[in-house]
Structure formats: C-alpha cells, structure tokens
Amino acid sequence: MKILILGAGQVGATLAKYLGSDNDNDITIIDKDESNLSNLQRHLDIKTICGHASYPNVLEEADIKNMDMMIAVTRSDEGNMLACQMAHTLYQVKKKVARIRTAEYLHRKELFSPNAIPIDFIITPEELVTNYIKRVVEEPGAEQVFEFENGLVQLVETRAYAGTPIVGHPIKDLHEHLPKTRVRIVSLYRNGRAIPASGETVIRDGDRVYFMTKKASISKVIKQFRREDKTYKNIIIAGGGRIGLNLAKFLEKNHHVRIIEMNKKRVSEIVDELENTLVLLGNASDEELLLEEGIENTDLFLALTDFDEINVIVSILAKRLGAHKTVALVKRNVYEDLAKQSEDVDMVISPDQITVSGILAHIRKGDTMMVYSLRQGKAEAIEIIVHGDKHHSDVVGKTIEQINLPDGVVVGSVVRNHEVIMGSRTLIIKEGDHVLLVLTDISKIHEVEKLFERYFD
C-alpha cells in the first residue's frame, strides 16, 4: 500500500516506523523540519520530503496522485483539514485520515463529509488516551485494558505474582478455579519474550499475562494472578491539559480527585469546568505540596503533563512519598524505557501507541473492525468480521484446529449474534462471526489477512 504521512512529529514518526517495517507498504513522509526527517531516514527505508504539507507542489513531489491513503498528523488542525480537502478535490485520494484536536471543530460533525471537508476518519489522540485511562482506572490490577465489540469483550494485561492461586500452576487450572467464568489466556510474556500459552504452560512469578473475558469477569480473573487491588478512591492528576481535564470530569462523579497545574491561566480556565475536583496551582514535583495533599493516602497518581521527563520524575517522587499506584504518560521511547526500568512507576502509557492503534484498523485489509498495537508495536490484537460461505472462505465451516493459523496467532474469542464464545480447538467459525485474534509476531499479519479474505469464483 502506498501511504503518505503528513507530519514527522512524535505520532507521524511512530506511524512511519510501524508501517515502514512492513515490506508491503511504500511510505512517504512530509515535514517542515529537516532534522525530524533525517532522523527517520537514518533508521527507515522510506521517502522523506521537506516542505509545507498542505502545499500542492509539495504534495505532488510526494506523488500524491498515486497514493492509496493519506494520514495528516501535523501540529495544525487547519493544515490537516486543508490537506485532506486538496487530496480529495485535486488528486482523488481514496482514503484520508486526519488528526483533529480542537473541540470547536469536533463538535460540528457536519463539517466532515464528502460535501464539506472530506475526511474519512478523524483521529483525536486526547480522546483515545482519556478513554484508555478510564478503562484502566475502572479495573485495578490491570496493566492494560482493550475493548472489542463496544465493550462486550475485553483484552486485559496483568502481571502474575508469587503466592497467588494460579502462579506455579498450568494454565488449564484456571478453568478449575473459575468454572463459571468465560476466559482465555491468549499470550504470555516472560522476561520480555513471548512463550506459547498452552494448557500445560505453567504461570511463573513476573509473567505478563494477556487474557480475554467479559467486562464483569475481569476483577475475578485478575485475583488469580495478583493480590486484590483496592478500588481507587483518592486520585491526584498532575497536569491540567486536555487529558487531565477530561479525565477529571469523568472521575469526579465517583472519586475524590485533585489536579495539580502549574500554569495560573490554565488553572483559571479549568476551575469553571469542574464541579467536584480541587484544582491546585503548583508544581507536582514540589514535595511539600504532595505531602500537604496527603500523597501517602493517594490510591492513584496520574502524571499527565505534556513533558515526558516531568511525568517520570513526579511519578517516582509520588511513589516514594507513599502513593499506592503511579501512572506516567510518556511519548518518547527513551523515557518509556527509563520509566519501565523504575519500580516506582507502576504503569507507563504511550499516547503514540494508542493513536497508532486508532489508525491501524483503516489500513488493514479485509473487514477489520478494531486493531490494538501491543508490546511497542511487536504484537497486535485485531477484530475481523468473517465473510463468505465454506466455498468462498478458508475459515468458514472449519474448526479453529482445522484452520491453518500461523505460529504465534491465537483466536481469543468469537462474538456471534452479540454472544461471546471463547476460542477452543473445536469451535466452528461461521459467516458473520467477529473473530478476535492476538498476534505475538506482527510479521504474520498478511498471512492472517489472506486467510480471512473472502474469495470469488
């Protein structure tokens, strides 16, 4: 697929790295900053063009006429919208994705249509990240929570601890402990490496476990792997930006929430938008301020400022002062790796990985409904709708055992007529099924796409 990316900032660069690693993709990226492009060119086999991303001559230099897709993720909403308008009007590009962050635009849905501003899919990173954090807050003990089928099925990552019911036992024992719970372990990571998750695989202390289940069953399953985490009640948010503000609006209904924001003007802006949240003017790295606010009684500390280094530092400080759990929002890999190495940062959230996940479903072939990028882009969880009958499909009418799935690809569950069915060797795939798969090796994605393609006589 020929893909044009506008903007080589953090999101654009992450997309270029992710998509450029696939030999089937031909990637071109445009940015005004030569240094952003030279850094990408050193590490990736992609074409780079320095220039203004919404100028027709620059777009033509990028061969926009022959592009299958354009993804506009520059810092300017207006520039992204204009580029999509030109891609549609002048060059008839089939699919256009744009990052739009300004609420005033997003509130006017009529703006985005083929007869107005022709954008096929709008990506709003702040909204995606906010929703992601909401799911994690709702499920104490979960490292990550991904939704499929409007929340009907959840993919959850948790860490296994010694002394809990399933650690030291094979996976098959999980069903004996939870006989009435529909759950399937789809992948297992030990010391950073994926290992086969068969029924005989023994769970070890420190394993990262990915399982699928219904939302109502998540806490029950997590208790098998770790000591019960208490529900978050007292929450401190460092950073009153869009993510911090929107999260506080959601959390203040059922939690005791405080926001620490160091910009006086921003404090005055967000105070009026919140009803039950205390907004504090100050620096989240101020030890005295944290102690005054009872950091030792804080169940959850969320570091959501615009600066990676601040988020990592204040998370470490909060943990050492007594916060029960700390979460840091981190964009750059160097800080993400640093945060993950620290025992004082319990969870690291990558907005770029979340944003990439939001875009991937529009790049994957076939009827792909949802895609989540996992393990820094090395793995993937996808939802595919099955089409065709047994004469026009390689999967319809076959059991999962009979389907020639590539190594490292697991069917976690199937949603059929709004009913969740956990994957098993004897489960027969039918037309219209929503099949949820996890790939521990992302290089197998094209084999999976081909396997689920409907073919014609």
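Residues numbered from 1 in each chain as written. Predicted model: local features only at pLDDT ≥ 70, side-chain atom pairs only at ≥ 80, totals over all residues. Heavy atoms only, no water.

Peer 1: So what exactly am I meant to see when it comes to the overall build of the protein here?
Peer 2: Within the protein one finds 15 helices and 22 strands. At 23 Å, the protein has a C-alpha radius of gyration in line with the 23 Å of a compact globule built from 457 residues. Out of the 457 residues belonging to the protein, those deemed buried represent 55%. The long-range fraction of contacts in the protein, counting pairs at least 24 apart against all pairs at least 6 apart in sequence, stands at 61%. Computed over 58 positive and 68 negative side-chain charges, the inter-centroid distance for the protein is 3 Å. (Helix = DSSP H or I, 4+ residues; strand = E, 2+ residues; numbered from the N terminus. Rg over C-alpha atoms; globule rule 2.2 N^0.38 Å. Buried < 20%, exposed > 50% of the residue type's maximum accessible area, 1.4 Å probe, protein only. Contact = heavy atoms within 4.5 Å. Lys, Arg positive; Asp, Glu negative; His and termini not counted. Charge placed at Lys NZ, Arg CZ, Asp CG, Glu CD.)

Peer 1: Sorry, what's going on with a negative patch on the surface here?
Peer 2: A cluster of acidic residues, D286, E287, E288 and E292, forms a negative patch on the protein surface. Note that E288 resides in helix α11 (residues 287-292). (Patch = residues over 30% accessible without salt bridge, like charges linked within 9 Å, V, L, I, M, F, W, Y side chains within 5 Å. Areas by Shrake-Rupley, 256 points an atom, 1.4 Å probe, with all protein chains shown as cover. Salt bridge = Lys/Arg side-chain N within 4 Å of Asp/Glu carboxyl O.)

Peer 1: How should the sheet that holds strand β16 (residues 325-329) be read in this particular structure?
Peer 2: In spatial order, the strands read β14-β13-β12-β15-β16-β17; together these six strands make up an open sheet with parallel pairing. Of all strands in the sheet, those bounded by a partner on one side alone are β14 (277-281) and β17 (347-349). Within this sheet the neighbouring strands show an average axis-to-axis angle of 15°, counted without direction. Inspection of the sheet shows strand β12 (residues 234-238) paired to strand β15 (residues 300-303) by four bridges, in the parallel sense. Residue pairing for β15: I236 is matched across the bridge by F301. Running over the sheet, helix α6 (residues 125-138) touches β12, β15, β16 and β17 and is turned about 160° from β17. Relative to the sheet, helix α10 (residues 264-271) contacts β13 (256-261) and β14, its axis offset from that of β14 by approximately 165°. (Pairing = 2+ DSSP bridges. Axes fitted to C-alpha atoms, helices over the stretch in contact; angles between N-to-C directions.)

Peer 1: Explain empty space enclosed by the protein here, please?
Peer 2: Vacant regions in the atomic arrangement are exposed by a probe of water-molecule size rolled over the atoms. Counted by the stated rule, this structure contains one cavity of 30 Å³ or more. Considering only enclosed or pocket space, the largest cavity measures out at about 40 Å³ in volume. I133, V136, V137, Y232, L300, L302, V327, M347 and I349 together form the lining of the largest cavity. Breaking the lining of the largest cavity down by element, the ones donating at least two residues are α6, β15 and β17. With three residues, the top contributor of residues to the lining of the largest cavity is α6. (1 Å grid on protein atoms, 1.4 Å probe; cavity = no way out; pocket = protein on both sides within 12 Å on 5 of 7 lines; lining within 4 Å. Points joined across faces, edges and corners; volume = space filled by probe spheres on them.)

Peer 1: Where do I start with the domain arrangement of the protein in this structure?
Peer 2: Where the parts come together, the accessible area they lose is often given as the size of the interface. By the assigned domains, the protein splits into domain 1 (2-123), domain 2 (129-225), domain 3 (237-353) and domain 4 (363-452). For domain 3 versus domain 4, the separation of C-alpha centres amounts to 38 Å. (Domains from an automatic or database assignment.)

Peer 1: I keep staring at the UniProt feature "domain: RCK C-terminal" (unreviewed entry) in the protein and nothing clicks. Help me out?
Peer 2: Summarizing the sequence annotation, UniProt attributes the feature "domain: RCK C-terminal" (unreviewed entry) to residues 143-227 and 369-454 in the numbering used throughout. The straight-line gap between the two end C-alpha atoms of residues 143-227 is 14 Å; of that span, 12% is helix and 34% is strand. Helix makes up 8% of residues 369-454 and strand 36%. Its end C-alpha atoms lie 16 Å apart. (UniProt positions renumbered as here; feature names shortened; annotations may be inferred.)

Peer 1: I'm lost on the UniProt feature "domain: RCK N-terminal" (unreviewed entry) in the protein in this one. Help?
Peer 2: Taking the numbering used here, the UniProt-annotated feature "domain: RCK N-terminal" (unreviewed entry) corresponds to residues 1-123 and 232-349. Secondary structure over residues 1-123 splits into 36% helix and 22% strand, and the C-alpha atoms at its two ends are 20 Å apart.

Peer 1: Could you clarify how one ought to interpret the pairing of strand β9 (residues 183-190) in this entry?
Peer 2: Moving residue by residue along a regular strand, the side chains alternate between the two faces of the sheet. Counted residue by residue, β9 has six buried out of eight residues, so it is predominantly covered. In this structure, β9 lies alongside strand β11 (residues 208-213), joined through six bridges in antiparallel fashion. In the sheet register, V183 faces β11, and the bridge partner there is T213. Inspection of the sheet shows β9 paired to strand β10 (residues 193-195) by three bridges, in the antiparallel sense. When the bridges of β10 are listed, L188 appears paired with I195.

Peer 1: Looking at this model, I keep getting lost on the sheet that holds strand β20 (residues 409-416). Mind explaining?
Peer 2: To summarise the sheet geometry, strands pair through backbone hydrogen bonds and adopt either a parallel or an antiparallel arrangement. The antiparallel open sheet is built from five strands, whose spatial order is β18-β19-β22-β20-β21. With partners counted over all chains shown, the strands left at the sheet margins are β18 (368-374) and β21 (419-422), one partner each. Recorded for the sheet is a direction-independent mean angle of 15° between the axes of neighbouring strands. When strand β19 (residues 379-385) meets strand β22 (residues 434-439), the two strands line up antiparallel, connected through six bridges.

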